[in-house]
Structure formats: C-alpha cells, structure tokens
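# Examining the three-dimensional arrangement
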Amino acid sequence: MADNLPSEFDVVVIGTGLPESIIAAACSRSGQRVLHVDSRSYYGGNWASFSFSGLLSWLKEHQENSDIVNECPGWQEKILENEEAIALSRKDKTIQHVEVFCYASQDLHEDVEEAGALQKNHAFVTSANSTEAADSACLPTEDQSLSTASCEIPTEHTPSSDPESALEVNDFEATGEKENHCDDKSSVPSTSEKETSENVPMAEETAEQPKKNRITYSQIIKEGRRFNIDLVSKLLYSRGLLIDLLIKSNVSRYAEFKNITRILAFREGRVEQVPCSRADVFNSKQLTMVEKRMLMKFLTFCMEYEEHPDEYKAYEEFTFSEYLKTQKLTPNLQYFVLHSIAMTSETASSTIDGLRATKNFLHCLGRYGNTPFLFPLYGQGELPQCFCRMCAVFGGIYCLRHLVQCLVVDKESGKCKAIIDQFGQRIISKHFLVEDSYFSENTCSHVQYRQISRAVLITDRSVLKTDSDQQISILTVPAEEPGAFAVRVIELCSSTMTCMKGTYLVHLTCTSSKTAREDLEPVVQKLFTPYTEKEIENEEVEKPRLLWALYFNMRDSSDVSRNSYNDLPSNVYVCSGPDCALGNDNAVKQAEALFQQICPNEDFCPPPPNPEDIILDGDSLQPEASESSAIPEANSETPRESTNLRNPEEPSE
C-alpha cells in the first residue's frame, strides 16, 4: 500500500521528468535508498508522451485545474514546534494559453469508440487561459458527458504505463522502405480490430472515389492508441551527452531509436532538402560544382576551427551571420549553414557559438546514420521511463498519484528533514530533489520564467513529398520580424510509433514572444492548408492538409538560479523542466551536477555489474513497489530499421 511506505530514505525525488529520473537512477545505482514520487498519474511530467485520448484527458485536467487527490486534513498539525513547513503546490501552472483546432470532418453517424469526441466543427478556439483550455478541445457537450474516471486512467497516457500490457506486442511485417505501422504495445486488438485499423472504415469504402482517402476525426479517435504525442519536442545528437549516458549506463537496452532521415530548409516559400554529409553534398542537384567545393572547404575548416584561431579571431564580436558573409560562400550556402546546420539565431548567435554548433553537427554525422540526430521510438516520453526502470531495478520505490503536502524543515539546522505525504505519513530523508513546478507561489515569488511556444499538428502528408512516405525530418523556419524567434519543426512519420498510418505528427517549437498560437500560426499557414471537404473533392493541393492542431505555452525554468527561490534549505535541490534547445544536454548536465552534490565521490551512472557476478541474498535485491507504482517496461519488439545503441562505434543499418 502507498500509505505504508518505509519511513526513511536517503534520497526523495519529487517529479518524474528527465533530470529527476536520471538523478534517481544514478542515486539508486550508487546504493542510495530512493523514493521517487509524482502527483501525476503518468511518468515524465512535462517530458511525457500521450496517446491521443490521453492527451485529451490531459487537456481536461488542465481545464478543470482541480486537485489530483484530496488534501490530508490537518497536515499542519503534524509540524512540531522546532519545525517549519514549506508547502508544495497542488496545481500545475506550467502550461498556459491552450488552444485546440479540429479541421478533420467527423461523421456524426459513426460511433466514436474512445472518450473525448468533438462535435462536427472545423475549428475550435479557446480563450488564452489554461483553466479554460479544453472546452473546445476534448470536452464533450452535456449530452456527450465524459466521466471523471475516464480521465484518470493512466494507461491512456503512455504506452509503457502498464507493465503487464506493455509486453503485449503484435507481430507485423515491414516491406521495402515503407514500414507498416505495428499495433501499439499497450493493447492487442482482435482480428476484426486489426482489419479496421489497417483500412478506412466501411462507411467510407463505399463513398465516392475522391473521398476514399479522407481522414476523419472519428478515425483519429479510434486509432488514438497509435499516437504518442510528446509535450516537449527534442532530438538526440548521436554524440550528445544523453546518448553517451544511455550507452554508459546500459539504459539504452530499454529503448529503440530511429535515425532522422533528412534535414530541410524553408527558403523563398519552398521547402527543400539540405545536403549535410559529404555524400549529400556531392549528390545534390541544388548546388553548383563551385558551391559544392565552397561548402566542403568551409565545413572542413569548421571541424578544426580551434586549430586556426587567426581565421576567426577578428570576428569574435560579430554575429555568426555576419561572419558567414565574410567567407567565400554564396547566399544560398550561408542560409543552409546558418539555419539548417548550425541552427543558430541570425541576430543573437556569436561567431564562436556558430562555429561550435557547426562542429558539433558535423561531429555527430555518420555515427548512426546520414544525419546527426536520433529519435526514440514511441516518443520522447520513453526516456524518463527508461531511467525510472533502472532506478527500480536497483531498489528504488515508485509512487504515482502520490501527493507531497510539504517539506519539513528543522529550524535549528535550517535543513529539510522530512516530507509529509497525502496520507499524513512523515518520511525522513537526507536529500530532497524537487521539480520546479511543485514549488508554491510563495517559494517562486521572485522567479522570472521564460516561456516555450509549442504546437502539435496532425497532417495527412509530408511537407516535402518523396518516393518514401516514412521520412523523419527537421526544418528550421527563420524569424521574419525583429524580436521574434526561429521556429523549429520536427515531422514524424508512422514508423516512429507516434502516429497512425497515413498521417504525420508535426511538432513546432520556439522561444515565446507572444502566445503559442500568435508565435506559431504564421509558420503553420506557410507550410499547411486546413483540411476541408471542398479541397478533398478538388485536385491535389500543393501543401499538406492540417487535420488537427494544438497550441500551448510551456514554462521554461532551465535558466533559473537557485538563489531566485525563497528560503530553500541547502539539502533541497531544484530540477528544472524542459528547455527550448533541440538536444537534451541541459538535463544531463543538471542531473550530473546535482548528483555530485549528493554523492561527491561516486561515479555517475556506471555500467551495471555483470549478471554472473551478482550474488542474490534472498529477495533483498528485488525492488519494493507500492500499489500505485508502475515500473516502465522495455519495448519487446520494435521496427526492423530502429537503431541499437549498444555498439556505438558501428553505425546501424
């Protein structure tokens, strides 16, 4: 039972985001007794991935803005005279300005199997307030009531939430370059369900020929388990800190990855592919022979720019964009290097920043594929769960839906000595790690947060059509207005296990200057066209059709100094939420720095011992688990073209 937890631990971790999960795994691996709790019903916090219905439930929770569990009455009475309490927040205020639009048509005569169906409208707009977010998104009308219980089922949030069902994976076949979308690992449909999932519903098979390929909102709802929608959109650099940590700790065995297949650029209203590897450069038809030589010469210099300081020292005070203009590069090449290789700001990045970013990009090329990036199958939300599983393997205890009421601070020493949970139980510990969103307004009254603008789109085809429909792409759209920021676009196909067959899942991200919709909608309008019946009946449209869109702002606490928080004891450590960067280096650096403060003489996530060398003493090494715990399971089957990280020096095929 969750209310019968052990009363003492070495480390208590509150929140299951990526930094907290890495720290929990590292502490457990080093022999610390770890309690890892989260008030949410799913792993990952703002790093989580959701099925489509799980995302609708998540939106409903934010709209209601209600408490997850009831507060323990009178927990204040448990505070002694020589103690004081730091109350923790019971509401997540990290998500704001949520707006949802549905463009796909819905046949009102079709039965919608999953909860959260929308009425037949082509656009749904909410007010710019997270507490009113889901009115137009997933909340049904009065005659379509959605029970509260259906919003609290954790298995809908992420395919790995239920360890038993996570092992149930159906066989599938992959033919040629196109991989058929395998059944979601969290459910095994019957034969009849398989037939309907692979084909358009019967009602549409008898429709007119021009309409046979239309995708309805009802289909998206029915195929909701095939979606794994990330709250935060990131990629893994193949030689980045997170990949190195996954390999070093052997946590990589719990996940599979896909190569990003291409890097795109948006220039003069057109999307085009960027040559980045040597082979791409020389095979490119976009570049002249002179441009190919220019680009190869410059990229070769960037790989060893530190050995030739005379080449760039005079331009250190210049922006990277200005520096590129001094090199022998055509405007075409300058654009590619700045926005698609270095991926830096045109106005804010210095020459050194640009050269460093370009070198990092080139350094990561070729390790696992022809681009520097990898993407985890089933979404970014798999990564925190992988580290949670490592923590549990080494004895960590997990409790989801477990609220911590307060931190208990000893007045004399000024250190935190315990927590009091939702059941009124006092749990003693030496160290406490708390994710930023759990602190109350009193603790964060002087903190200045930045915001991240996010959009999640479901579309019917890729922004750049090719012979293969299984492309995974990254595209940077430069800012057009002063003070605005470039928008990063990541397009995922069905073979990433993040969307249903015949659709693409598109993530847009930028640093906020306004609300998410105001920041990102201009880019969406450039790349996509709304999905309407009229367009389906006409000839093929030039742009991909937009079926469904979600906009929201997410808090960015990555640059907040610890000193900004009010009166935190020295043994309480703060973990930030996701940042706006493409990679995960900030999370890994943060986790390692905090781990070194807790365990200064320990190795950070060393490789696990050889199983043959482990001596079991009864069941003492089995991880304890409460009723509310759920240890994430590894993917037992994944597509054939996924990347295995166990042998990092051999590129996967």
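Described below are features of the structure shown in this document. (Residues numbered from 1 in each chain as written. Predicted model: local features only at pLDDT ≥ 70, side-chain atom pairs only at ≥ 80, totals over all residues. Heavy atoms only, no water.)

### Some thoughts on the overall build of the protein chain
- Scanning the protein chain for helices and strands turns up 15 helices and 25 strands.
- Residues classed as buried in the protein chain amount to 58% of the 653 residues present.
- Taking the intrachain contacts of the protein chain between residues at least 6 apart in sequence as the baseline, contacts between residues at least 24 apart amount to 75%.
- A total accessible area of about 27600 Å² is found for the protein chain, and carbon and sulfur atoms account for 46% of it. (Helix = DSSP H or I, 4+ residues; strand = E, 2+ residues; numbered from the N terminus. Buried < 20%, exposed > 50% of the residue type's maximum accessible area, 1.4 Å probe, protein only. Contact = heavy atoms within 4.5 Å. Areas by Shrake-Rupley, 256 points an atom, 1.4 Å probe, with all protein chains shown as cover.)

### Looking at the pattern of salt bridges
- Using the criterion set out here, one finds 23 salt bridges in the structure.
- A salt bridge links R450 to D559; the shortest N-O distance between them is 2.8 Å. Taken together, the positions of R450 in strand β19 (residues 450-459) and D559 in the loop between β24 (545-556) and β25 (572-575) put the pair 109 residues apart, joining distant regions of the chain.
- Since its relative accessible area comes to 41%, R450 is described here as partly exposed.
- Each member of the salt-bridge network shares a partner with another, and the members are D10, R33 and K430. (Salt bridge = Lys/Arg side-chain N within 4 Å of Asp/Glu carboxyl O.)

### Here we look at the packing of aromatic side chains
- Here the structure, examined in full by the defined rule, presents 18 aromatic pairs.
- Each ring, one from F439 and one from Y565, has its centre 5.5 Å from the other, and the planes form 45°; the classification is tilted. In this pair, F439 is assigned in the loop between β18 (431-435) and β19 and Y565 in the loop between β24 and β25, connecting sequence segments 126 residues apart.
- Residue classification places F439 among the buried residues on the basis of a relative accessible area of 4%.
- The class of Y565 is buried, set by a relative accessible area of 6%.
- A connected cluster of aromatic rings, assembled from ring pairs, spans Y42, F50, W58 and F552.
- It is R267 that lies over the ring of Y335; its NZ or CZ is 5.3 Å from the centre. (Phe/Tyr/Trp six-rings, centres within 6.5 Å; stacked < 30°, edge-to-face > 60°. Lys NZ or Arg CZ within 6 Å of the ring centre and 35° of its normal.)

### Section: the sheet that holds strand β17 (residues 426-428)
- Spatial strand order, β4-β15-β16-β17: 4 strands in an open sheet with antiparallel pairing. The open sheet has two free edges, formed respectively by β4 (83-87) and β17, since each of these has just one partner strand. Pairwise comparison of adjacent strand axes, ignoring direction, gives a mean angle of 30° for this sheet.
- Judged from the 5 bridges that link them, strand β15 (residues 404-410) and strand β16 (residues 416-421) form a sheet pairing that is antiparallel. Following the sheet pairing, V404 is matched in β16 by D421. (Pairing = 2+ DSSP bridges. Axes fitted to C-alpha atoms, helices over the stretch in contact; angles between N-to-C directions.)

### Quick look at helix α13 (residues 516-527)
- Over its 12 residues, α13 runs 17 Å from end to end, which matches the ideal 16 Å to within 8%, given 1.5 Å per residue.
- Buried residues of α13: A516, D519, L520, E521, V523, V524 and L527, and no others. (Expected span 1.5 Å × (residues − 1).)

### Description of the sheet that holds strand β10 (residues 257-259)
- As summarised here, the arrangement of the 3 strands in space is β9-β13-β10, forming an open sheet in which the pairing is antiparallel. In the strand order of this sheet, the two ends are held by β9 (236-237) and β10, each with one partner.
- Where β10 lies against strand β13 (residues 373-376), 3 bridges are found, and the strand directions are antiparallel. Looking at β13, one finds that F257 is bridged to P376.

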